[in-house]
Amino acid sequence: MTAPQTYFDGEWLEGNPGLLGPMSHALWLGSCVFDGARAFEGVAPDLDMHCQRVTHSARVMGLAPTLDGAEIEALARQGIARFAADAELYIRPMFWAESGFVAPDPATTRFALSVYESPLPKPTGSAAAISTRRRPTPETAPTEAKAACLYPQSGMALREAIGRGFQNAIVLDQMGNVAEFATANLFIAKDGVAITPAPNGCFLDGVTRRRVIGLLRADGVEVRERRLTVDQLLAADEVFSTGNHGKVQPYTKVEDRDFQPGPVYERARRLYWDYAHSR
C-alpha cells in the first residue's frame, strides 16, 4: 500500500481526504499545529517525543488535545504497519479548531494523523543563503508551538533563497544572529567543537537537535550552545543541519563560502543512525 493514509474519527482514509471546510477555524484563522516524525529502515526514532510535542503545541495554541502522546504513538505505529517494512515515511499528527471567534474554541479541537511515503534526502550537500527574513519573538508569534501559521515565513525565506540559486535559507533572529535554517536546526563545527545557536524563544529546540547534542556529548565531542553571528558561521570548518525531514545533513556552501562534510558532521550522522537502530 503506497497511498497516503490518514486516521480521522476512528478510521483510516486513503489519499487526501477533505477534513476542513470554508467555515473551519483552522482554514481561515490558522489554529493548526502539527508535528513530524520519521520511519525508515524499520525504525522510528523518537516517535514518542514527536507525539508528545504535538499535544504541547496544541495547548500553546489554546486547543484541547483529544489524545495524549502515547495514544498518538500507538496510532502512528498502526499507520506505519500499513506500508512496506522498508518504506521511508513521514508521520504527521495534527490538531486544529473547527470554530471560535478569532481565538479558537478548545471544545471544537479535532485530530488527524497522516502517514505517507517521503524519501529521506541523500546526504550529498546543499547550499544555503542568508535570508533577509527574521524569526519572530515569543511576544509576536506562537514560537513555542510547531504551528502551521509560522511556516509561511519559512516559505518566503525559501523562495528568496531558491530565486538566488540556493536550496535553503539561513534565517536570523531579531538581533541579527543566526537562528536556524528555514527548515531545520543549524550546527557548525570549528576546531573540532560543535556549535549551535542557543534556544532563545524564536525557534523550536528540535527533537533531533537535542538528540544529536546528547549523542555527541556522550561520545566525547564538545558541544556549545551559544550566540552565533553570521561572521562566525562563515568562518566555520563545517556546517550541517538536524531536523526530522533529513535528520542529519551536510551543507557544502553558504553564500559564496564553500564547505566540505567534515568529521564532526560525519560523527553526528553516524551516531544518530546507530542510535536509531539501537532502539
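Colleague: How do you make sense of the overall build of the chain when you look at a structure like this?
Modeller: Within the chain, the regular secondary structure consists of seven helices and 15 strands. Relative to the 2.2 N^0.38 estimate, which gives 19 Å for 279 residues, the radius of gyration of the chain is 19 Å and therefore close to what a compact globule would have. Along the three orthogonal principal directions, the C-alpha set of the chain runs to about 50 × 40 × 35 Å. By residue count, 51% of the 279 residues in the chain fall in the buried class. Pairs at least 24 apart in sequence give 68% of the contacts found in the chain among residues at least 6 apart. On the chain, roughly 12,600 Å² of surface is accessible, and the fraction owed to carbon and sulfur atoms is 53%.

Colleague: What should I look at first to understand a nonpolar patch on the surface in this one?
Modeller: On the surface, Leu20, Leu27, Trp28, Leu29, Phe101 and Val102 cluster together to form a nonpolar patch covering roughly 690 Å² of accessible area. Along the chain, Trp28 falls in helix H1 (residues 25-29).

Colleague: Help me understand the layout of surface pockets, please; the structure alone is not making it clear to me.
Modeller: It is a probe the size of a water molecule, rolled over the atoms, that shows where empty space is left. Size it by volume and the second largest pocket reaches roughly 250 Å³. Lining the second largest pocket we find 15 residues, and of these Asn16, Leu19, Arg92, Met94 and Ser114 sit closest to its centre. Taken together, the elements giving at least two residues each to the lining of the second largest pocket come down to strand S5 (89-97) and strand S6 (109-117). Looking at side-chain class alone, the lining of the second largest pocket contains 10 nonpolar, four polar and one charged residues.

Colleague: I would appreciate a short explanation of the packing of aromatic side chains in the present structure.
Modeller: Centre-to-centre distance and the angle between the planes together describe a pair of aromatic rings. For the structure shown, the criterion picks out 11 aromatic pairs. Between Phe40 and Trp273 the ring centres are 5.3 Å apart and the planes differ by 45°, which places this aromatic pair in the tilted class. Highlighted residues: Phe40 in the loop between strand S4 (37-39) and helix H2 (47-60) and Trp273 in helix H7 (residues 263-278), separated in sequence by 233 residues. We note that Phe40, like Trp273, is buried.

Colleague: Whenever I open this one, unusual backbone geometry confuses me. Can you help?
Modeller: Most of the time, phi is negative for any residue but glycine, and the peptide bond is trans. A positive phi angle, close to 50°, is found at Glu41, a residue other than glycine. Its location among the elements puts Glu41 in the loop between S4 and H2. Among the residues examined, Glu41 registers a relative accessible area of 44% and is labelled partly exposed. A positive phi angle, near 55°, is found at Asp191, a position not held by glycine. You can call Asp191 exposed: its relative accessible area is 66%.

Colleague: What is the right way to look at H2 in this model?
Modeller: Because an α-helix completes one turn every 3.6 residues, residues spaced three or four positions apart along the sequence face the same direction. Spanning 14 residues, H2 covers 20 Å between terminal C-alpha atoms, matching the ideal 20 Å at 1.5 Å per step. Listed as buried for H2 are Leu47, His50, Cys51, Arg53, Val54, Thr55, Ser57 and Ala58. In the core, the buried residues of H2 are packed alongside strand S3 (32-34), S4, helix H3 (69-80), S5 and helix H5 (207-218). After H2 finishes, the residue Gly62 shows a positive phi value of roughly 85°.

Scoring rules and cut-offs
- Residues take numbers from 1 onward in each chain, read along the sequence in its written order.
- Side-chain atom pairs in this predicted model are given and counted only at pLDDT of 80 or more, local residue features only at pLDDT of at least 70, and totals for whole chains, interfaces and linings cover all residues.
- Where side-chain values are given, they derive from all heavy atoms of the structure, hydrogens and water being excluded.
- Secondary structure elements follow DSSP: runs of H or I no shorter than four residues count as helices, runs of E no shorter than two count as strands, and numbering proceeds from the N terminus.
- Within these notes, the globule rule equals 2.2 Å times the number of residues to the 0.38 power, and the radius of gyration is based on C-alpha atoms.
- For every residue, the accessible area obtained with a 1.4 Å probe (protein chains only) is divided by the maximum for its type, and the residue is called buried under 20%, exposed over 50%, and partly exposed between those limits.
- When checking whether two residues touch, look at their non-hydrogen atoms; a contact exists if any pair is within 4.5 Å.
- Surface accessibility follows the Shrake-Rupley procedure with a 1.4 Å probe radius. Residue values consider only the protein chains on display as shielding.
- Like-charged residues are merged into a patch within 9 Å and nonpolar side chains (Val, Leu, Ile, Met, Phe, Trp, Tyr) within 5 Å, provided each residue has over 30% relative accessible area and no salt bridge.
- When a carboxyl oxygen of Asp or Glu lies within 4 Å of a side-chain nitrogen of Lys or Arg, that pair is called a salt bridge.
- Buried and open spaces are told apart on a 1 Å grid over the protein atoms alone, a cavity being a set of points where a 1.4 Å probe fits but cannot get out and a pocket being an open set with protein on both sides within 12 Å along at least five of seven lines. Residues with an atom within 4 Å of a point are the lining residues.
- Grid points are joined across faces, edges and corners, and a volume is the space filled by probe spheres set on the points.
- When residues are grouped by polarity, Ala, Val, Leu, Ile, Met, Phe, Trp, Tyr, Cys and Pro land in nonpolar, Asp, Glu, Lys and Arg in charged, and all others, Gly among them, in polar.
- Pairing of aromatic side chains here covers Phe, Tyr and the six-membered ring of Trp, requires ring centres within 6.5 Å, and sorts the geometry by plane angle: under 30 degrees stacked, over 60 edge-to-face, intermediate tilted.
- By this rule the span expected of a helix is its residue count minus one, scaled by 1.5 Å.

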